[in-house]
Amino acid sequence: MPNRLELTGITKQFPGVLANDHVSFAVKPGEIHALLGENGAGKSTLVKMIYGIMQPDAGEIRWNGEPVVVANPKAARKLGIGMVFQHFSLFEALTVLENIALGMDAKIPSRELESRIREVMETYGLALDPHRTVATLSVGERQRIEIVRALLLNPQLLIMDEPTSVLTPQEVEQLFTVLRKLAAEGCSILYISHKLHEIKALCDTATILRGGKLVDTCDPKEETSRSMAEKMIGTGLKDIVKAEGRAFGQPKLVVNRLSTGKTGHFDVPVDNVSFTVRAGEILGVAGVAGNGQNALLDALSGELIGDDREAITIDGHGIGLMNTTERRRQGLCAVPEERNGHAAVGDFTLSDNSVLTARDRLGMVMMGLINSGAAKTYTGKVIADFAVKALGPASTAGSLSGGNLQKYIMGREILQKPSVLVVSQPTWGVDAGAAAAIHQALVDLAAAGSAIVVISQDLDELRALCDTLAVINMGRLSAARPVKDFSVEEIGLLMGGVHGSMETA
Amino acid sequence: MMRYRLEKRPEPSKLMLYGTPVAAVVLTMILGCLLFSAIGYNGLRAVQEIFLTPLTNPYKWQDLGIKAAPLIIIGTGLSVAYRANVWNIGAEGQYIIGALAATGVALMTWGMSGWWILPLMAIAGMAAGMAYASVPAFLKTRLNVNEILTSLMLTYASVQLIYYLIRGPWKDPMGIGFPQSRLFSEAARLPNIIPGTIVHLGVPIAVIVALIAWFVMSKTVFGYRMRVVGAAPHAARYGGFSETKTIWLAMLVSGGLAGLAGMLEVAGPFQRMVPGFPTNYGFTAIIVAFLGRLNPLGVIVAGVVLAITFVGGQVAQTTIGLPDEATGIFQAMMLFLLLAGDILVRYRIRRVSPEASVGAA
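Thresholds applied
- For every chain, the first residue of its written sequence is number 1, and the numbers climb from 1 along that sequence.
- For naming, the first written chain is A and the first written ligand is 1, with later ones following in the order written.
- Residues qualify for local features only when their pLDDT is at least 70, as the model is predicted, and side-chain atom pairs are given and counted only at 80 or more; totals for whole chains, interfaces and linings, by contrast, use all residues.
- Side-chain calculation: all heavy atoms of the structure are included, whereas hydrogens and water are not.
- Contacts were defined at the residue level, with two residues in contact if any of their heavy atoms lie within 4.5 Å.
- Here's the idea: put two parts together, see how much 1.4 Å probe accessible area each one loses, and the total over both is what we call buried area.
- Basic side-chain nitrogens of Lys or Arg form a salt bridge, by our definition, when they fall within 4 Å of a carboxyl oxygen of Asp or Glu.
- For this analysis, a polar contact is any N or O atom pair within 3.5 Å, provided that within protein one partner can donate a hydrogen and the other can accept it, and provided that sequence-adjacent residues contribute only side-chain to side-chain pairs.
- Strands are runs of DSSP state E lasting at least 2 residues, helices are runs of H or I lasting at least 4, and numbering of each runs from the N terminus.
- Exposure is judged per residue with a 1.4 Å probe applied to protein chains only, and the accessible area is read against the type maximum: over 50% gives exposed, under 20% gives buried, and values in between give partly exposed.
- Summary of the metric used: pLDDT quantifies the predictor's per-residue confidence within the range 0 to 100.
- The span you would expect from a helix comes to 1.5 Å times its residue count less one.
- Working note: the arc is built from the helix axis to C-beta atom directions.
- Pairs were defined over the aromatic rings of Phe, Tyr and Trp, the Trp ring being its six-membered one, requiring ring centres within 6.5 Å. Orientation was assigned from the angle between planes: stacked under 30 degrees, edge-to-face over 60, tilted for the rest.
- Throughout this description, the term charge over a ring refers to an Arg CZ or Lys NZ atom that lies within 6 Å of the ring centre and within 35 degrees of the ring normal.

Asks: When you look at the interface of chain A and chain B in this model, what are you seeing that I'm missing?
Replies: Size of an interface: often given as the accessible area lost when the parts come together. Taken together, the contacts link 34 residues of chain A with 25 residues of chain B. Summed over both partners, the interface of chain A with chain B comes to about 2,300 Å²; 57% of that surface belongs to carbon and sulfur atoms. Applying the counting rule to chain A against chain B returns three salt bridges. Arginine 237 of chain B is the salt-bridge partner of aspartate 298 of chain A, the closest N and O atoms lying 3.8 Å from each other. At the boundary of chain A with chain B, the tally comes to 13 residue pairs in polar contact (both at pLDDT 80 or more). Elements with a minimum of two residues in the side of chain A that touches chain B: helix 10 (324-329), strand 16 (332-335), helix 11 (350-358), strand 18 (369-370) and helix 13 (402-414) of chain A.

Asks: Explain the side chain of threonine 396 of chain A here, please?
Replies: Within the secondary structure, threonine 396 of chain A sits in the loop between helix 12 (372-385) and helix 13. Leave out the neighbours within four places in its chain, and threonine 396 of chain A touches Gly346, Asp347, Phe348 and Thr349 of chain A together with Glu11 of chain B.

Asks: Teacher, can you tell me more about the pattern of salt bridges here?
Replies: Charged atoms that come close allow side chains of opposite charge to pair. Residues and elements named next belong to chain A. Throughout the structure, instances matching the rule amount to 26 salt bridges over all chains. A salt bridge links aspartate 21 to lysine 213; its shortest N-O distance comes to 3.6 Å. Taken together, the residues span a long stretch of sequence, with aspartate 21 in strand 2 (residues 17-27) and lysine 213 in strand 10 (residues 213-218) at a distance of 192 residues. According to the relative accessible area criterion, lysine 213 is partly exposed, its value standing at 47%.

Asks: Looking at this structure, I do not really get the confidence of the model for chain A. What am I missing?
Replies: The predicted coordinates of low-pLDDT regions are not to be read in fine detail. Residues and elements named next belong to chain A. A residue-level look at chain A finds 94% of positions with pLDDT of 70 or above and a mean pLDDT of 87. Taken element by element, the predicted model of chain A shows its lowest mean pLDDT in helix 8 (residues 225-233) (80) and its highest in strand 20 (residues 451-455) (96). Counting interchain partners and residues more than four positions distant, the pLDDT-below-50 stretch residues 500-505 has 10 contacts.

Asks: I would appreciate a short explanation of helix 12 of chain A in the present structure.
Replies: The α-helix winds at 3.6 residues per turn, so residues separated by three or four positions along the chain end up facing the same way. Residues and elements named next belong to chain A. Its 14 residues give helix 12 an end-to-end C-alpha distance of 20 Å, which sits within 8% of 20 Å, the value for a rise of 1.5 Å per residue. Residues Ala375, Tyr378, Thr379, Val382 and Ile383 constitute the buried set of helix 12. Viewed along the axis of helix 12, the buried residues span an arc of 140°, placing them on a single side of the element. Turned more than 90 degrees away from the buried face of helix 12 sit Lys376, Thr377 and Ala384, all of them exposed. The inward-facing, buried residues of helix 12 contact helix 11 and helix 13. A side-chain oxygen of the first residue of helix 12 lies 3.2 Å from the backbone nitrogen of glycine 373; this N-cap is asparagine 371.

Asks: Before we go on, may I ask you to explain the packing of aromatic side chains in this structure?
Replies: Aromatic ring pairs are defined here through the distance separating the ring centres and the angle between the ring planes. One pass over the full model with this rule turns up 14 aromatic pairs over all chains. Taken together, a centroid distance of 6.0 Å and an interplanar angle of 75° make the contact between tyrosine 51 of chain A and phenylalanine 85 of chain A edge-to-face. Of this pair, tyrosine 51 of chain A sits in the loop between helix 1 (43-50) and strand 4 (58-63) while phenylalanine 85 of chain A sits in the loop between strand 6 (81-84) and helix 3 (96-103), and the two are 34 residues apart along the sequence. The class of tyrosine 51 of chain A is buried, set by a relative accessible area of 5%. When the ring of phenylalanine 36 of chain B is compared with that of tyrosine 41 of chain B, the centres are 6.2 Å apart and the planes differ by 65°; the resulting orientation is edge-to-face. Since its relative accessible area comes to 2%, phenylalanine 36 of chain B is described here as buried. Chaining the aromatic ring pairs together yields one cluster made of Tyr95, Phe270, Phe277, Tyr281 and Phe310 of chain B. Positioned above the aromatic ring of tyrosine 238 of chain B, the side-chain terminus of arginine 328 of chain A is 5.0 Å from the ring centre.

As structure tokens, then:
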């Protein structure tokens, strides 16, 4: 039996970057094949060429043994290639059925389409009401729409791009069940991820890319997570060095019954949240995306100002009515989730971006005048200390890759030595090596006596990094407990909204 | 078939940033030549008279100076506001109200002398321009009313105010029924700085205003605030700059400078308020601000370019009988071409090789 998909010598050149350099591998029928690599390793580019979004500069794609040119996604679907993207393309105001109908290449009467959707859902155990409006669905349910949309075409190859980044552990398990069933029926799956334990649990083969080149094709069941990670980043992986049995100091950041108003149509506000972070402590806030994390960060950073001065205190000082500038002077720095356009201005130089948050704490302003020399020196220090790949302080923020920009932003805040640091998704989209460096910097900052809040959807990150953990669901925060007291199942249940006995009053 | 595609540049192109304004001016000349040839004029002469005669004829230089001065002052204010994405389109109205306030001071002090009269008129002009601009600012920040509409509509109200004042309370008693104010006394007229010419104090003031604005925009927290709010409103909020305060500052600066320009114009070339005072400087300054890349130094150059078209338009009227509206057509073409060319700053045109787009079998 020929290989379902076979790539030979695929090469793709972008201005300044060789995204794929003679990549060759094959996917067998019914195989779950992992495509593994750091950000910028060339996974997305490769997949875009398989799905016809881009064309390779050189190399050959064989489909069931026949050489093919995949001109566009429509041609890919015709061949039997389906794809579920990381970012969904759904209309929130329309129903599940309407969304699927809009995405179909062929026009199918809605009655017939609905029966086919129900059939697919039943076969694979995907529970979803076709008549619900998308806006009311959770992220996991939205992903199911995309999967159903792909399955309706009876694909022979299904490409999944980072599918689990937005799911609870239970939802991940359900997804894996569906994928295994598909594979058993002979559909091949190309599974893109950097979560190694998932790959170990799910995949038959793993192809590892680094810097556009194929480094290895291996059997993930015979590798350890660590050995695969090291192949991915090319060097030995550093563990977080964390002093055992550290004692925490006095309560530093105390949040007491913090609530925010509803800001946007589909936004989730923070509802009566209370927690305490002591000096030297790292508190993790877990939760599925869209459960009030953004509102919590904005309320803490001062972008959203409440009406209770004592709702947020630092060292007993009420800061609830202060704006971001005043809170920074009090020692509270924050990093929002969105980098470009929120944590940094893409069109500005890195030097100018340092002025954005560090100008008062580091004396970059004298009588209304900006001391650009001081900004440049500080930016140079951030670039050096956090190994930011940039030409220098005069490069624009927009010219940096996502991971490098994140390193710069984290460095910009951490080197200000804030007494309280609130960060959202500190290593989202950052490669393993850089993530380890950012984690270590956070741990070192805490060891120096700062209180840190880490909001993240990555449970592995939170479990490795944090001392205490709380879970946010629909804007409400569970009671914080030492991280080792939680089991993954328990966190998963809390993320899904089952509060049980731990619900805060 | 050859196909072209727009491709995003990794960084905005500096060459295009400064090259497209020049290209827009050159293309305007070429297209203007073709256009006026097509409708029966001597197109080449028209372009020559409009763009070259004002530069080659030294007698026209003083006209350039006094036409450019108000354009540069208003354009500078607008460039500050537009940087922060605050779209004050009503500079013409703020310019008129500034001139009216200065006229009020001049009429109240009529017959008096003293060095303080002109500074007082300048302060009154700026304050009035700010006050007029604060109406759209208030409506925008409190009720989220679009400032483009409110500032534009207020312009028409200001024109009616001129007509009322010079036909009623401020009518010249010696004017044999003409609707105009009386001639300002000596102390309320701008002094000429070059004897034997019509070049008044407003010309150096315009250059100084632009230089100060350039310094403020590039070196101070105020300028930083304007730039960051315009470039990324979310990041501005994160950096601690409130949007409301920024809208107010942008409106007040652009309104105040338009008011100052109005005072200089009424105390300089006009020396009295007349129905023909509104000459669309406030609208032309929008072109100046964009042609100058929202950079006060660029605004100086752009102000001179637009002044050339005004002066040259008058020349072409007398020499080859080009209609008055020709000037407006040239100016509009320039703005249109500039905005169209702007896409090349962030994107480049790439030829897509045809073999890469061959379809699947």
